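Chain by chain, the residues:
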Amino acid sequence: QVQLVESGGGLVQPGGSLRLSCEASGSIFSINVMGWYRQAPGKERELVASIRSGDNIEHSDSVKGRFTISRDNAKNTVDLQMNSLKPEDTAVYYCNVAVVAGRRELVYWGQGTQVTVSS
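In this text the structure is predicted, and so the values were computed from the model without any measurement. (Residues numbered from 1 in each chain as written. Predicted model: local features only at pLDDT ≥ 70, side-chain atom pairs only at ≥ 80, totals over all residues. Heavy atoms only, no water.)

Asker: How should I be thinking about the sheet that holds strand β3 (residues 18-26) in this particular structure?
Answerer: Within a sheet, each strand pairs with its neighbour through backbone hydrogen bonds, oriented either parallel or antiparallel. One open sheet holds the four strands; their spatial order is β1-β3-β8-β7, and the pairing between them is antiparallel. Among the strands making up the open sheet, the edge pair consists of β1 (2-7) and β7 (67-72). Strand-to-strand twist across the sheet, computed as the mean angle between neighbouring axes with direction ignored, equals 15°. Relative to β3, β1 is paired through six bridges, and the arrangement is antiparallel. Directly across from serine 7, in β3, lies its bridge partner serine 21. (Pairing = 2+ DSSP bridges. Helix = DSSP H or I, 4+ residues; strand = E, 2+ residues; numbered from the N terminus. Axes fitted to C-alpha atoms, helices over the stretch in contact; angles between N-to-C directions.)

Asker: Sorry if this is basic, but what is going on with the pattern of salt bridges here?
Answerer: Two side chains that carry opposite charge are able to pair once their charged atoms sit near each other. Tallying each qualifying case throughout the model produces five salt bridges. Arginine 19 is the salt-bridge partner of aspartate 79, the closest N and O atoms lying 3.1 Å from each other. Here arginine 19 lies in strand β3 and aspartate 79 lies in strand β8 (residues 77-82), a separation of 60 residues in the sequence. The salt bridge partner of lysine 64 is aspartate 61, with a shortest N-O separation of 3.2 Å. Of the two residues examined, lysine 64 and aspartate 61, each falls in the exposed class. One continuous salt-bridge network, built from bridges that share partners, spans Arg38, Glu46, Arg66 and Asp89. (Salt bridge = Lys/Arg side-chain N within 4 Å of Asp/Glu carboxyl O. Buried < 20%, exposed > 50% of the residue type's maximum accessible area, 1.4 Å probe, protein only.)

Asker: What is the right way to look at the packing of aromatic side chains in this model?
Answerer: Any aromatic ring pair is given by two values, namely how distant the centres are and how the planes are angled relative to each other. Inspection of every chain in the model, using the stated rule, returns one aromatic pair. Aromatic pair tyrosine 37 and tryptophan 109: ring centres 5.0 Å apart, planes at 65°, arrangement edge-to-face. Of the two residues, tyrosine 37 sits in strand β4 (residues 31-39) while tryptophan 109 sits in strand β10 (residues 104-109), which places them 72 residues apart along the sequence. Judged by relative accessible area, tyrosine 37 falls into the partly exposed class, the value being 23%. For arginine 45, the ring lying beneath its charged end belongs to tyrosine 94, and the centroid distance is 3.8 Å. (Phe/Tyr/Trp six-rings, centres within 6.5 Å; stacked < 30°, edge-to-face > 60°. Lys NZ or Arg CZ within 6 Å of the ring centre and 35° of its normal.)

The following block contains the structure:
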């Protein structure tokens, strides 16, 4: 069993910055992928950014140049630095982790942290 704990969400003015952090704990042998998704009310959950083993990084087009994902393999954490925030970035942000479990890959989700961008 793997548990994910997110932190860093809150209220920020347009143009401001926030840094989200996710810590994974539990029965972890190896993490294949760590990433961040977000979901606004009435919208589908969408990928924000992900980082795979070997530091293969992907950012969605809407956040490229503003958000940066990073990973600390020793601490089993993944962070999302969010700069130049816009009102349309308002959403619940979810941490996502895929771990190795024998011959299979298991996916876990955090409970989510609210990010609100408003003046």
